[in-house]
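# An overview of the molecular structure
The lines below spell out each chain.
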Amino acid sequence: MALLKVKFDQKKRVKLAQGLWLMNWLSVLAGIVLFSLGLFLKIELRKRSEVMNNSESHFIPNSLIVVGVLSCVFNSLAGKICYDALDPAKYAKWKPWLKPYLAVCVLFNAVLFLVALCCFLLRGSLESTLAYGLKNGMKYYRDTDTPGRCFMKKTIDMLQIEFKCCGNNGFRDWFEIQWISNRYLDFSSKEVKDRIKSNVDGRYLVDGVPFSCCNPSSPRPCIQYQLTNNSAHYSYDHQTEELNLWLRGCRAALLSYYSSLMNSMGVVTLLVWLFEVSITAGLRYLHTALESVSNPEDPAECESEGWLLEKSVPETWKAFLESIKKLGKGNQVEAEGAEAGQAPEAG
């Protein structure tokens, strides 16, 4: 028994074809939107590629760009099919291709749904990407004379100013690395020598942060050196007083920014997916309604029936599995035949 059967006369078939034609061209615009969102996210990621591990971070924008292009192609073709559907001469050339085309549309809808889910679910991989990239970026902050790393200081400083953050997890991350280049250290100074000797790795570590960590909204002038030394500053207690630095780490700030972007894109992609599913269902109704017309040469006086599935869902699934099994057996028989053909030659 057919699933969700609907009766159509000529007027309803015309309205369905016209409505689907309009919806398909709206979906072309939606595909352009998806492509633009993917391109925008890719540009945003490229802006901070120095502090990100790019092997995983570009999966979502690349996926959005691909499904956006495919949406434009498929819906342009579907719009042409709907336009030709009510002309028997023009419809005849599309008739053999409609079933494979609908199968491709179903597959595309599945891919589109998976891309929408990825926009919501890839927060964990983005977080690890940011943590690794920021850690390396801070390590190379001082290498302003090293080719390939000479812009890292500017990148980190602009990042901390723009996102109002400091360090990877917080400002104390700067205490664990030497972020001041050796060319700006006075090695004749006793303080510099003592700090380097006190460190096993021979690094110059200070309880200070770069200027870009300073919060300009604080009424007190920025304290960026000797942050843990209360006696070095008047009326100051680093354990009880809120420092005039950005307290949030850049990993959390960037994660929040990119997560909000991807969540918004996920919502848009889900809406486009729902629209695409409705178009695919409409195309299936139009296809079956035209197939069941008793007199295709003169359809004006003929009523027809359209449906989503020719059989019930369990029967359709069972038939699908059987077709896969037959396909597997056919391949096995062909392989055995090829082996049997080779045996006499060997003899």
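Residues numbered from 1 in each chain as written. Predicted model: local features only at pLDDT ≥ 70, side-chain atom pairs only at ≥ 80, totals over all residues. Heavy atoms only, no water.

## So, unusual backbone geometry
Glycine aside, a negative phi is what most residues show, and trans is what most peptide bonds show. What counts, and what does not: To qualify as a helix, a DSSP run of H or I must reach at least 4 residues; to qualify as a strand, a run of E must reach at least 2; elements of each kind are numbered from the N terminus. Each residue is placed in one exposure class: buried if its accessible area under a 1.4 Å probe, protein chains only, is under 20% of its type's maximum, exposed if it is over 50%, and partly exposed if it falls in between.
Residue Gln226 is not a glycine yet carries a positive backbone phi of 50°. Relative to the elements of secondary structure, Gln226 occurs in the loop between helix H8 (190-198) and helix H9 (250-291). You can call Gln226 partly exposed: its relative accessible area is 34%. Positive phi outside glycine occurs at Ser235, with the angle close to 50°. The exposure class assigned to Ser235 is exposed, which follows from its relative accessible area of 55%.

## Considering the UniProt feature "transmembrane region" (unreviewed entry) in the protein chain
Which entries qualify depends on this criterion: UniProt positions are given in the numbering used here, feature names are shortened, and annotations may be inferred rather than shown by experiment.
Residues annotated in UniProt with the feature "transmembrane region" (unreviewed entry) correspond here to residues 20-41, 62-81, 101-122 and 255-275. Between the end C-alpha atoms of residues 101-122 the distance is 31 Å, and the span holds 95% helix and 0% strand.

## Considering the nonpolar core
Soluble globular proteins tend to bury their nonpolar side chains together. Which entries qualify depends on this criterion: The definition of a nonpolar core used throughout is a set of buried Ala, Val, Leu, Ile, Met, Phe, Trp, Tyr and Cys residues joined through side-chain atoms within 4.5 Å. Marked domain ranges trace back to an automatic or database domain assignment. Here, residues are in contact when the closest pair of their heavy atoms is within 4.5 Å.
In this structure, Trp174 and Val209 are the most contacted members of the largest nonpolar core, which totals 70 residues. At the level of secondary structure, the elements contributing two or more residues to this core comprise helix H1 (10-47), helix H3 (59-84), helix H4 (88-94), helix H5 (98-121), helix H6 (123-139), helix H7 (152-163), H8 and H9. For this core, the two domains that each supply at least three residues are domain 1 (3-137 + 254-294 + 301-307) and domain 2 (171-247). Residues within four places of Val209 in sequence aside, it is in contact with Cys166, Phe171, Trp174, Phe175, Trp179, Gln224, Leu227 and Leu245.

## Some thoughts on a nonpolar patch on the surface
Operational definition: A patch is a set of surface residues, each over 30% in relative accessible area and not in a salt bridge, joined within 9 Å for like charges and within 5 Å for the nonpolar side chains Val, Leu, Ile, Met, Phe, Trp and Tyr. Shrake-Rupley sampling with a 1.4 Å probe provides the accessible areas, and residues are treated as covered by the protein chains on show and by no other component. Within this document, salt bridges are pairs made up of a side-chain nitrogen of Lys or Arg and a carboxyl oxygen of Asp or Glu, the two lying within 4 Å of each other.
A contiguous nonpolar patch, built from Trp21, Leu22, Trp25, Leu26, Leu29, Ile32 and Tyr83 and spanning about 720 Å² of accessible area, is present on the exposed surface. The leading source of residues in the nonpolar patch is H1, at 6 residues.

## Some points on the state of the cysteines
Put simply, the rule is: By definition, disulfides here are pairs of cysteine sulfur atoms that lie within 2.5 Å.
Under the defined criterion, the tally for this structure stands at 3 disulfides. Note that Cys214 is cross-linked by a disulfide to Cys222, the S-S spacing being 1.8 Å. One quick way to see it: the torsion about the S-S bond of Cys214 and Cys222 is about -70°, and its sign makes the bridge left-handed. Residue Cys214 is classed as buried on the basis of its relative accessible area, which comes to 16%. Counting its disulfide-bonded cysteines in sequence order, the protein chain shows a connectivity of 1-6, 2-3, 4-5.

## Here's the deal with the packing of H3 against H5
Applied cut-off: The axes are straight lines fitted to the C-alpha atoms, using for helices just the contacting stretch, and the angles between their N-to-C directions are given from 0 to 180°. Each angle receives one of four descriptions, namely roughly parallel if under 35 degrees, roughly antiparallel if over 145, roughly perpendicular if within 65 to 115, and oblique otherwise. Should the near helix be turned anticlockwise from the far one by less than a right angle, the crossing is left-handed, and should it be turned clockwise, the crossing is right-handed. We call Asp, Glu, Lys and Arg charged. Ala, Val, Leu, Ile, Met, Phe, Trp, Tyr, Cys and Pro are nonpolar, and the rest, Gly among them, are polar.
With their axes 10 Å apart at the nearest point, H3 and H5 run at an angle of 150° to one another. Taken as axis vectors, H3 and H5 run roughly antiparallel relative to one another. You can see that H3 and H5 cross each other, and the crossing is left-handed. Taken together, the residues of H5 that come into contact with H3 (itself represented by Phe59, Ile60, Ser63, Leu64, Val67, Leu70, Ser71, Phe74, Asn75, Leu77, Ala78 and Ile81) are Leu98, Tyr101, Val104, Phe108, Val111, Leu112, Val115, Cys118 and Cys119. Classifying every residue of the contact of H3 with H5 gives 18 nonpolar, 3 polar and no charged.

## Here's the deal with the pattern of salt bridges
Counted under the stated rule, the structure contains 8 salt bridges. Ionic contacts of the salt-bridge type, sharing partners, join the residues Glu44, Lys47, Arg48 and Glu162 into one network.

## Here's the deal with the side chain of His233
Going by this rule: Whenever a nitrogen or oxygen atom comes within 3.5 Å of another N or O atom, the pair is scored as a polar contact, on the condition that within protein one atom can donate a hydrogen and the other can accept it, and that pairs from neighbouring residues in sequence are kept only if both atoms are in side chains.
Within the secondary structure layout, His233 lies in the loop between H8 and H9. A distance of 3.2 Å separates a polar side-chain atom of His233 from the backbone oxygen of Tyr225. Among residues more than four places away in sequence, those in contact with His233 are Arg220, Ile223, Tyr225 and Gln226.

## Regarding the environment of Tyr140
With respect to the helices and strands, the residue Tyr140 is situated in the loop between H6 and H7. Placed 38 residues apart in sequence, Tyr140 and Gln178 show a C-alpha to C-alpha distance of 9.2 Å. Filtering out sequence-adjacent residues up to four positions away, Tyr140 remains in contact with Arg149 and Met152.

## Notes on the side chain of Ser259
The topology assignment puts Ser259 in helix H9. Here Ser259 falls in the buried class, since its relative accessible area comes to 7%.

## Remarks on the confidence of the model for the protein chain
Inclusion rule: Confidence per residue, as judged by the predictor, is encoded in pLDDT with a range of 0 to 100.
On average, residues of the protein chain score 82 in pLDDT, and 80% of them reach the 70 mark or higher. Element-level mean pLDDT values for the protein chain span from 57 in helix H10 (residues 313-346) up to 92 in H7.

## Here we look at the packing of aromatic side chains
For clarity, the cut-off: Each Phe, Tyr or Trp ring, with Trp reduced to its six-membered ring, pairs with another whose centre is within 6.5 Å; inter-plane angles below 30 degrees give stacked pairs, above 60 give edge-to-face pairs, and intermediate values give tilted ones.
Under the defined criterion, the tally for this structure stands at 9 aromatic pairs. Residues Phe113 and Trp273 carry aromatic rings whose centres are separated by 4.8 Å and whose planes lie at 45° to one another, so their mutual orientation is tilted. In this pair, Phe113 is assigned in helix H5 and Trp273 in helix H9, connecting sequence segments 160 residues apart. Accessibility expressed as a relative area gives 29% for Phe113, which makes it partly exposed. A residue is classified by how much of its surface remains accessible, and Trp273, at 21% relative accessible area, is partly exposed. Geometrically, the ring pair formed by Trp179 and Tyr225 is stacked, given 6.2 Å between the ring centres and 20° between the ring planes. In this pair, Trp179 sits in the loop between H7 and H8 while Tyr225 sits in the loop between H8 and H9, placing the two residues 46 residues apart along the sequence. Its relative accessible area of 8% is what places Trp179 among the buried residues. Exposure remark for Tyr225: the relative accessible area of 42% places this residue in the partly exposed category. Pairwise contacts between aromatic rings join Tyr141, Trp174, Trp179 and Tyr225 into one cluster.

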